[in-house]
Amino acid sequence: MISQIIFTVIFTGSILWFFSSLKKIRDNIFLGKKVTVKGEVKERLKIMARVALGQGKMFTRPVAGLLHLIVYLGFLIVNIEMLEIVIDGVAGTHRVLSFMGGFYDFLIASFEFFAVAVIIACIVFLIRRNILKIKRFHNPEMTKWPKTDANLILIFEILLMTAFLTMNAADSLLQQLNADHYVKAGAFPFSSFLHPLFSGFDIQQLIIVERSAWWFHIIGVLLFLNYLPISKHFHIIMAFPNTYFSKLEPKTALDNLEAVTREVKLMLDPNANPYEAPASNEQPGRFGAKDVTDLNRIQLLNAYTCTECGRCTSVCPANITGKKLSPRKIMMDVRDRMEELGKHKRQHGNVDDGKALIRDYISEEEIFACTTCNACSEICPVNIDPVSIIIDLRRYLVMEESKLPQEWTTMLTNIENNGAPWQFSMNDRLNWVNE
Ligand code: SF4
Ligand code: SF4
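Below, the structure is looked at part by part. (Residues numbered from 1 in each chain as written. Chains lettered and ligands numbered in written order. Predicted model: local features only at pLDDT ≥ 70, side-chain atom pairs only at ≥ 80, totals over all residues. Heavy atoms only, no water.)

As for the nonpolar core
The tendency in soluble globular proteins is for nonpolar side chains to be buried as a group.
No. 1: Ranked by size, the top nonpolar core spans 78 residues in total, and within it Leu325, Val334 and Leu393 carry the most contacts.
No. 2: Looking at this core element by element, the count peaks at twelve residues for helix 4 (residues 102-130).
No. 3: Formed by nine residues, the second largest nonpolar core is a distinct cluster that contains Ala170, Leu173, Tyr182 and Phe198. (Core = buried A, V, L, I, M, F, W, Y, C linked by side-chain atoms within 4.5 Å. Buried < 20%, exposed > 50% of the residue type's maximum accessible area, 1.4 Å probe, protein only. Helix = DSSP H or I, 4+ residues; strand = E, 2+ residues; numbered from the N terminus.)

Take a look at the structure:
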């Protein structure tokens with residue numbers, strides 16, 4: 001009875017803790033501007049099913065894709081198994097779902113298969129990250145915490161799966177010894193290889209091993225749940241809403257600034273009265289984005305979904321040619337700034353903290369290095385669009401601070417004066433054809 005009470009308290013506390021973290025994240029995302037998402041629900045659900053559920057974009061790199069699929073399936077399967085653990089924990093039963101008979105045996109055997117596969121996949125991931133030193137895991141933005149975060153979660157998964165197999169091994173031995181409470185149920189094709197480790201153990205010792213592994217496993221899963229919101233692994237959850245809100249227009253399509261569109265329309269309308277008072281008293285908004293509060297909520301959702309995999313940076317031509325830009329860093333900076341501002345607002349209310357995304361996190365050099373080629377958003381496995389953020393930051397610098405590289409100023413002046421980026425008069429532009 002005592003263990004049921006302890007379990008119920010720990011379980012309820014963990015779930016409440018998780019939801020309070022989710023609320024903070026929701027508040028941080030709501031720092032951004034509201035955005036209207038047009039219909040197309042069916043189309044969006046299809047993208048979500050293909051990209052988030054079906055891992056549709058992971059297999060552009062087959063080895064990483066396959067290993068990731070195993071870990072992902074392992075995660076889903078652990079959740080099914082958790083159902084039984086929670087019921088057993090609260091009700092004091094043991095293997096409560098064993099009434100399913102042969103199907104239960106099949107489930108336990110497949111859980112074991114995935115537990116072993118996940119352990120192997122995590123070991124390979126650890127080797128790739130730490131021994132093979134794949135370049136994209138060692139870019140400058142991969143500082144101490146992002147690296148530790150990635151390794152921690154892999155070690156965590158290995159420990160959770162090992163505890164699961166140990167629990168099953170001890171359980172199956174207890175079943176063979178007809179121990180009280182240990183109903184005969186389940187098939188144990190992999191954990192039975194651990195039996196020699198427990199040779200000579202009596203029933204009491206096996207119960208201690210089984211219960212310790214059970215508690216370790218369940219507390220580990222609950223800790224994992226509460227670790228997710230502070231980790232890049234939060235993408236396990238966020239990939240679903242994020243892919244639902246994917247950009248449906250062609251990737252290269254840029255949105256128009258409403259205020260500018262209105263001005264241009266006014267200029268082109270011969271009947272417009274330029275001195276007419278604006279239709280509402282609304283304060284004119286900012287052009288582009290200086291801080292996270294100028295970005296929209298989907299862009300902020302993108303930042304919480306970033307897995308920091310670095311695929312975007314590995315295909316970014318600016319980064320490849322040695323420029324300072326890394327689209328992964330842009331997403332990490334947006335998330336860090338959002339967390340910082342959200343915390344500041346919770347502690348001090350609406351008082352300005354004197355910082356901004358531009359310059360405090362992202363430099364002008366990075367913003368102007370982007371070629372808007374969209375290679376980053378094309379390859380992103382969870383349909384993140386770093387370009388839209390870069391463009392909004394650039395819009396702010398150009399339109400509000402008149403900051404742009406000297407070469408661009410010359411080019412724009414030429415376009416304005418000569419109708420082309422070159423320093424030739426319009427009449428001489430085609431002279432090269434006759435040479
Ligand atoms: S759009 Fe910009 S950030 Fe993205 S890959 Fe191209 S140059 Fe890099
Ligand atoms: S933006 Fe996408 S591709 Fe780039 S690091 Fe994040 S998840 Fe990976």
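Description of the site of ligand 2
No. 1: If you check the shell around ligand 2, you find 13 residues, and the closest are Cys306, Cys309, Gly310, Cys312 and Cys380.
No. 2: Within the residue set of the shell around ligand 2, elements represented by two or more residues are helix 10 (311-315) and helix 12 (327-348).
No. 3: Residue classes in the shell around ligand 2 are distributed as eight nonpolar, two polar and three charged. (Near = heavy atom within 4 Å. Nonpolar A, V, L, I, M, F, W, Y, C, P; charged D, E, K, R; others polar.)

Here we look at helix 5 (residues 144-176)
No. 1: With 33 residues, helix 5 extends 48 Å from end C-alpha to end C-alpha; this agrees with the ideal 48 Å at 1.5 Å per step.
No. 2: In the segment just after helix 5, Asn178 is the residue with positive phi, at about 55°. (Expected span 1.5 Å × (residues − 1).)

Here's the deal with the packing of aromatic side chains
No. 1: Inspection of the entire model under this criterion finds 16 aromatic pairs.
No. 2: Ring plane angle 80° and centroid distance 5.2 Å describe the contact between Phe113 and Phe114, whose orientation is recorded as edge-to-face.
No. 3: A relative accessible area of 44% places Phe113 in the partly exposed class.
No. 4: By relative accessible area, which is 16% here, Phe114 ends up buried.
No. 5: With a centroid separation of 5.1 Å and 85° between ring planes, the pair formed by Phe368 and Trp408 is classed as edge-to-face. Highlighted residues: Phe368 in helix 14 (residues 364-369) and Trp408 in helix 17 (residues 406-418), separated in sequence by 40 residues.
No. 6: Looking at Phe368, the relative accessible area reads 13%, which means it is buried. (Phe/Tyr/Trp six-rings, centres within 6.5 Å; stacked < 30°, edge-to-face > 60°.)

Overview of the side chain of Ser377
No. 1: One can find Ser377 in helix 15 (residues 375-379).
No. 2: You can call Ser377 buried: its relative accessible area is 3%.
No. 3: Looking at Ser377, its side chain comes within polar contact range of the side chain of Asn374, at 3.0 Å.
No. 4: Beyond its immediate chain neighbours, meaning those up to four positions away, Ser377 contacts Lys57, Lys251, Ile384, Asp385, Pro386 and Val387. (Polar contact = N/O pair within 3.5 Å; in protein donor to acceptor, adjacent residues only side chain to side chain. Contact = heavy atoms within 4.5 Å.)

Let's talk about the environment of Trp215
No. 1: Along the chain, Trp215 turns up in helix 6 (residues 203-227).
No. 2: Using a relative accessible area of 22% as the deciding quantity, one classes Trp215 as partly exposed.
No. 3: With 123 residues separating them along the chain, Trp215 and Met338 place their C-alpha atoms 36 Å apart.
No. 4: With sequence-adjacent residues up to four places away left out, Trp215 is seen in contact with Ser3, Ile6, Phe7, Ile10 and Gly220.

Digging into the pattern of salt bridges
No. 1: Per the counting criterion, the structure on display carries 18 salt bridges.
No. 2: Linking Lys329 and Asp333 is a salt bridge whose minimum nitrogen-to-oxygen distance equals 2.6 Å. Note that Lys329 and Asp333 are positioned in helix 12 at a spacing of four residues, about one turn of the helix.
No. 3: A salt bridge links Arg359 to Glu401, with the nearest nitrogen and oxygen atoms 2.5 Å apart. (Salt bridge = Lys/Arg side-chain N within 4 Å of Asp/Glu carboxyl O.)

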